[in-house]
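Commentary on secondary and tertiary structure
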Amino acid sequence: MSRLRRIAVKAVTSVVVIVAAASVTFFAQLAVPGDRANTLMNLQTGQDKKWSVDELAPLNERFGFDDPVIVQYLDYVTGLFHGDLGTSYTQKRPVTEVIGGQLLPSLTLTGAALLVAWALALGITLLTVKRGRFLTSLGTTWEALTASLPHYWVGVVLLVVFAVQLRVFPIIGGTSALGTVLPVLTLAIPLAGFLGQVTRDEFEQVLQQPFVTTARTRGMSDLGVRVQHVLRHAILPAITLSGWALGALVSGAVIAENIFGRPGIGQVLVTAVNTRDLPTVSGIVLVVAAIYVVANLLVDLAYAIVDPRLRAA
Amino acid sequence: MTTVDDRPVGRADRVSGTTELLRVENLRVSFGATEVVGGISFTARPGQCLAIVGESGSGKSVTARTLVGLTGPGARVSADRIDLAGADLLHTTERAWRGLRGRQIGFVLQDALVSLDQLRRVGDEVAEPLKLHRWGNRAARAAKAVELLASVGVPEPEVRAQQRPYELSGGLRQRALIASAIALDPPLLIADEPTTALDVTVQAQVLDLLAASKERGTSIILISHDLSVVARLADEVAVMRDGHIVEHGPAGQVLHDPRHDYTRMLLAAIPSEHTRGTRLSGTATTVQRARRQVDRGRPVLEARHLTKVFRGPDKVDRTVVDDVSFELFGGETLGIVGESGSGKTTTARIALAILEATSGEVLLRGEPWSALSTDRRRPLRKQVGVVYQDPLSSFDPRWSVGRIVTDALATGRRPPSSKTEARDRAVRLLEQVGLTGAHLASSPLRLSGGQRQRVAIARALAPEPSVIVCDEPVSALDVSIQAQVLDLLTDLQDELGVSYLFISHDLGVIHHVSDRILVMKDGRVVEHGTATEVFERPRHPYTRQLLTAVPRLGSA
């Protein structure tokens with residue numbers, strides 16, 4: 001009973017978050033200086049001048065700019081519930097169509113980056129936490145270094161070293177498996193450093209816990225203790241942060257996609273911002289918000305699986 | 001010499017107490033330049049219990065860990081000899097240690113919520129030694145875990161095996177820990193403070209469990225800070241201090257006819273019915289105190305029919321405090337004793353008016369106290385002080401001792417008018433609680449547990465209260481420090497005439513300090529009377545049960 005209720009509460013909250021994000025982007029559009037129809041006309045004609053009311057009338061009519069703000073807002077939000085994100089100013093196609101084709105490559109990129117980041121972080125943690133001075137400092141240095149690297153720098157270095165110099169990977173790989181390797185690493189390496197730092201702290205704490213001693217007094221090996229007892233406790237903070245990280249990866253993807261010339265919503269976003277295609281920009285913001293919401297729901301779920309105490313609470 | 005991964009010693013060999021199972025000669029352990037164990041020797045025999053007793057920092061736990069090869073990183077261990085059933089433990093590889101742990105040596109830690117892995121099922125935790133030593137298949141191990149839980153007296157073992165440690169009470173968790181340690185029936189069982197966090201009745205049950213294991217021929221090494229706990233189980237007692245065994249002999253002799261001053265001091269420091277009205281610390285001979293005056297006029301603090309109901313997350317109301325009434329007179333100590341969950345701390349919080357009662361009222365000097373609004377109560381706050389179990393968590397760790405005390409002075413009846421006056425009065429308070437002005441600049445983090453509790457008492461005294469609520473004020477302290485703090489509290493009462501509402505789970509402590517006593521169980525007061533009435537002529541069956549469960553030196 002209470003479990004169903006909790007799920008229901010979560011679902012309603014998620015919808016509220018998305019509508020709130022939509023509202024913010026909607027009012028942000030209004031706050032952009034200048035008349036929207038005028039901007040649009042300039043975009044479409046490639047000129048930069050002040051158009052007369054008559055000239056702008058068809059555009060105002062088509063996009064409903066003349067309606068009271070509240071009506072426009074309600075139309076927009078109602079549209080959202082029907083899966084209508086508006087029409088792109090520049091491409092004159094529904095925004096859903098513009099984003100739709102590019103969404104999958106971006107999701108593949110971010111999802112793969114998250115998995116690789118986790119694998120790197122856990123591997124390094126398991127092998128280096130409290131494993132003698134040398135290994136420990138190697139691990140902490142690696143994490144501090146990689147966590148502070150900006151995506152664009154990692155991307156460019158990987159591109160120059162592995163694609164241009166060593167020619168192991170294609171420079172422009174599109175969405176092929178081989179071409180995905182470098183963009184994924186670009187996103188995964190800094191995130192792995194960050195997740196590793198968080199996991200290492202927790203890992204060190206958990207290694208001091210009495211239940212770890214209990215396990216050792218039963219005859220368990222050091223690696224056994226790490227894998228079977230400590231790891232499960234130590235990944236909890238990293239799970240929490242993964243929800244946030246997935247969102248951050250989407251913005252990181254914008255950079256990676258540009259560096260490697262990879263299709264994705266990153267490319268679409270950059271073009272839309274440059275051309276002031278506001279409906280497309282809002283649409284992408286909404287999609288990212290939705291990804292955040294879904295990611296956090298998944299985090300809650302994963303957390304409850306790893307730590308059953310939360311199910312009882 | 002047998003190989004280390006041999007099967008446990010046969011039952012027939014261990015029932016007699018003659019053969020040695022473990023022999024330790026001249027064991028030394030140091031961390032860096034600090035020697036924590038300085039050359040100790042002892043033996044353990046089948047069917048016998050050796051108790052190693054000492055206060056914190058005596059090296060007793062390090063000794064226990066060394067016997068399972070888990071002294072810790074950076075430790076240097078040397079000895080003339082450590083033999084277990086003929087096998088040399090001193091020159092054992094890590095791999096061979098893994099074969100010994102759990103199979104030849106079982107280890108039981110203190111019950112803390114964290115001694116079992118919270119994320120795993122109790123059954124898996126109990127069966128882990130079986131799995132590690134490749135005993136049976138998965139199904140057989142699960143069945144054995146249930147059987148083991150049943151053998152240590154866990155009710156509904158099938159259900160418990162499926163639950164996780166946080167769903168079990170402290171007593172059940174401790175039983176599960178023991179079940180896991182004896183899963184492979186190791187000939188040697190080391191128990192490090194196995195009953196420390198437990199209520200007395202549960203403590204008695206756990207000790208009985210260890211005694212049963214001893215009867216079956218297991219050799220037990222019991223590590224404890226508590227001489228009276230040891231009395232129930234030990235055949236031999238070794239008293240440790242600063243890494244050395246200062247006294248070692250048969251339990252009866254060590255506990256009743258101690259040769260060493262330190263053992264005598266430890267025994268004298270244990271509060272009990274015999275120590276009422278005497279000093280616990282300082283001298284070896286008992287000093288009788290003068291009876292202090294209790295003012296039986298108007299009560300200083302009066303609770304009328306207090307009830308507190310908490311609504312759980314499952315929407316079920318639980319009555320935590322149920323119709324509790326008491327009167328506390330000037331210069332008097334009223335003890336509230338009960339086990340965990342009895343409602344004693346909730347009662348204290350209501351008395352302090354930091355928690356609102358569902359119904360009932362607390363009066364301060366006959367005037368409304370709990371019924372006042374927060375704003376109207378604030379000026380009266382200085383009349384009621386409080387001392388908690390863990391002073392450190394009630395201090396701002398960045399504040400110096402001086403700031404902690406002067407801050408409390410400023411809220412008092414006579415706020416100091418100048419910085420110099422505040423400083424002088426703070427020094428006087430510190431001297432009153434046995435510290436000096438030199439402690440003004442110290443950080444509480446650098447003080448010992450006893451010194452911190454003295455600072456907490458100085459802070460409670462600063463506003464010149466007429467009542468101090470003491471919530472388990474000595475529960476976290478070593479017995480010798482506990483004795484000093486209890487003496488300090490009684491001295492201050494004699495000097496200042498302050499009243500104490502004294503909450504404790506420890507019947508010995510309560511008996512030692514209290515004029516009158518409330519015994520609480522499940523939120524209700526089941527017995528109420530003077531200390532003599534309650535302890536010598538208990539009327540309620542629960543009080544009698546508590547009194548039988550209390551570990552006593554006399555039972556050795």
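- Under an unreviewed UniProt entry, the name given to chain B is ABC transporter ATP-binding protein, and the source organism is Dactylosporangium siamense.

- Going by the annotation in an unreviewed UniProt entry, the name recorded for chain A is ABC transporter permease, with Dactylosporangium siamense given as the source organism.
- Turning to chain A, the UniProt annotation filed under Sequence similarities (unreviewed entry) states: "Belongs to the binding-protein-dependent transport system permease family."

Observations concerning the overall build of chain A
- A tally of regular secondary structure across chain A gives 14 helices and zero strands.
- Summarising its shape, the C-alpha atoms of chain A cover approximately 85 × 60 × 30 Å along the three principal directions.
- Taking all 313 residues of chain A together, the buried fraction comes to 44%.
- Counting contacts in chain A only where the partners sit at least 6 residues apart, residues at least 24 apart contribute 71% of the total.
- Summed over all atoms, the accessible surface of chain A reaches about 15,600 Å², with 68% contributed by carbon and sulfur.
- Distance between charge centres in chain A, computed from 23 positive and 19 negative side chains, equals 16 Å.

Considerations on the packing of aromatic side chains
- Scanning the entire structure with this criterion turns up six aromatic pairs over all chains.
- Relative to Tyr 73 of chain A, the ring of Phe 26 of chain A has its centre 5.5 Å away and its plane inclined at 55 degrees; by these criteria the two rings are tilted. Of the two residues, Phe 26 of chain A is situated in helix H1 (residues 2-31) and Tyr 73 of chain A in helix H4 (residues 69-81); the sequence distance between them amounts to 47 residues. With respect to burial, Phe 26 of chain A and Tyr 73 of chain A carry one shared label: buried.
- Here Phe 194 of chain A and Trp 244 of chain A contribute two aromatic rings whose centre-to-centre distance is 5.6 Å and whose plane-to-plane angle is 55 degrees, an arrangement assigned as tilted. Of this pair, Phe 194 of chain A sits in helix H8 (residues 177-207) while Trp 244 of chain A sits in helix H11 (residues 236-259), and the two are 50 residues apart along the sequence.
- You can call Trp 244 of chain A partly exposed: its relative accessible area is 42%.
- Of the aromatic side chains, those joined through ring pairs into one cluster are Phe 26, Phe 27, Tyr 73 and Tyr 76 of chain A.
- Above the ring of Trp 369 of chain B, the side-chain terminus of Arg 377 of chain B is found at 5.9 Å from the ring centroid.
- In this structure, Lys 521 of chain B is placed above the aromatic ring of Tyr 542 of chain B, and the distance from its NZ or CZ to the ring centre is 5.2 Å.

Description of helix H20 (residues 541-549) of chain B
Residues and elements named next belong to chain B.
- Of all the positions in H20, only Tyr 542, Thr 543, Leu 546, Leu 547 and Ala 549 are classed as buried. One face of H20 carries all of its buried residues, which in axial projection span an arc of 165 degrees. More than 90 degrees from the buried face of H20, the exposed residues found are Pro 541 and Thr 548.

Comments concerning the domain arrangement of chain B
Residues and elements named next belong to chain B.
- Each domain of chain B was delimited in the assignment, giving domain 1 (11-239) and domain 2 (301-549).
- Just the C-alpha atoms count here: the centres of domain 1 and domain 2 sit 37 Å apart.
- If you look at the interface, domain 1 gives seven residues, while domain 2 gives eleven residues.
- When domain 1 packs against domain 2, the two sides together hide about 870 Å² of surface, and 43% of this comes from carbon and sulfur.
- The largest share of the area that domain 1 buries against domain 2 comes from Glu 55, Asp 199 and Val 200, three residues that together contribute 56% of it.
- Taken together, the links from domain 1 to domain 2 amount to zero salt bridges.
- Counting every contact that joins domain 1 to domain 2 gives six residue pairs in polar contact (both at pLDDT 80 or more).
- Of the residues that constitute the side of domain 1 that touches domain 2, the class distribution is two nonpolar, two polar and three charged.

Details of the nonpolar core
Residue and element names in this part refer to chain B.
- Core analysis: the largest hydrophobic core is formed by 106 residues, its most contacted members being Val 237 and Ile 457.
- Both of domain 1 (11-239) and domain 2 (301-549) provide at least three residues apiece to this core.
- For Ile 457, the residues in contact, after removing those within four places along its chain, are Val 387, Val 433, Val 485, Leu 488, Leu 489 and Leu 492.

Side note on the UniProt feature "transmembrane region" (unreviewed entry) in chain A
Residue and element names in this part refer to chain A.
- The feature "transmembrane region" (unreviewed entry), as given by UniProt, occupies residues 12-32, 107-129, 150-169, 175-195, 235-260 and 280-306 in the numbering adopted here.
- A distance of 27 Å separates the end C-alpha atoms of residues 175-195, which is 90% helix and 0% strand.
- For the annotated span residues 280-306, helix accounts for 100% and strand for 0% of the residues, and the straight-line distance between the end C-alpha atoms is 38 Å.

A few points about the sheet that holds strand E9 (residues 219-224) of chain B
All names here are of chain B.
- A sheet is described by the order of its strands in space; here six strands give the open sequence E7-E8-E9-E3-E10-E11, paired in mixed fashion. Looking at the sheet topology across the chains shown, the edges are occupied by strand E7 (105-108) and strand E11 (244-250). Taken over all neighbouring pairs, the strand axes of this sheet differ in orientation by 15 degrees on average, direction set aside.
- Judged from the five bridges that link them, strand E8 (residues 188-192) and E9 form a sheet pairing that is parallel. Considered in E9, the bridge of Leu 189 is made with Ile 220.
- Running over the sheet, helix H8 (residues 200-215) touches strand E3 (49-53), E8 and E9 and is turned about 160 degrees from E8.

Regarding unusual backbone geometry
All names here are of chain B.
- Backbone geometry at Asp 242 places phi at a positive 50 degrees, although glycine is not the residue there.
- A relative accessible area of 57% places Asp 242 in the exposed class.
- With a phi close to 55 degrees, Asp 323 is a non-glycine residue in the positive phi region.
- Position of Asp 323 among the secondary structure elements: in strand E13 (residues 317-328).

Reading guide: rules and limits
- Residues numbered from 1 in each chain as written.
- Chains lettered and ligands numbered in written order.
- Predicted model: local features only at pLDDT ≥ 70, side-chain atom pairs only at ≥ 80, totals over all residues.
- Heavy atoms only, no water.
- UniProt positions renumbered as here; feature names shortened; annotations may be inferred.
- Helix = DSSP H or I, 4+ residues; strand = E, 2+ residues; numbered from the N terminus.
- Buried < 20%, exposed > 50% of the residue type's maximum accessible area, 1.4 Å probe, protein only.
- Contact = heavy atoms within 4.5 Å.
- Areas by Shrake-Rupley, 256 points an atom, 1.4 Å probe, with all protein chains shown as cover.
- Lys, Arg positive; Asp, Glu negative; His and termini not counted.
- Charge placed at Lys NZ, Arg CZ, Asp CG, Glu CD.
- Phe/Tyr/Trp six-rings, centres within 6.5 Å; stacked < 30°, edge-to-face > 60°.
- Lys NZ or Arg CZ within 6 Å of the ring centre and 35° of its normal.
- Arc of directions from axis to C-beta.
- Domains from an automatic or database assignment.
- Buried area = accessible area lost by both parts, 1.4 Å probe.
- Salt bridge = Lys/Arg side-chain N within 4 Å of Asp/Glu carboxyl O.
- Polar contact = N/O pair within 3.5 Å; in protein donor to acceptor, adjacent residues only side chain to side chain.
- Nonpolar A, V, L, I, M, F, W, Y, C, P; charged D, E, K, R; others polar.
- Core = buried A, V, L, I, M, F, W, Y, C linked by side-chain atoms within 4.5 Å.
- Pairing = 2+ DSSP bridges.
- Axes fitted to C-alpha atoms, helices over the stretch in contact; angles between N-to-C directions.

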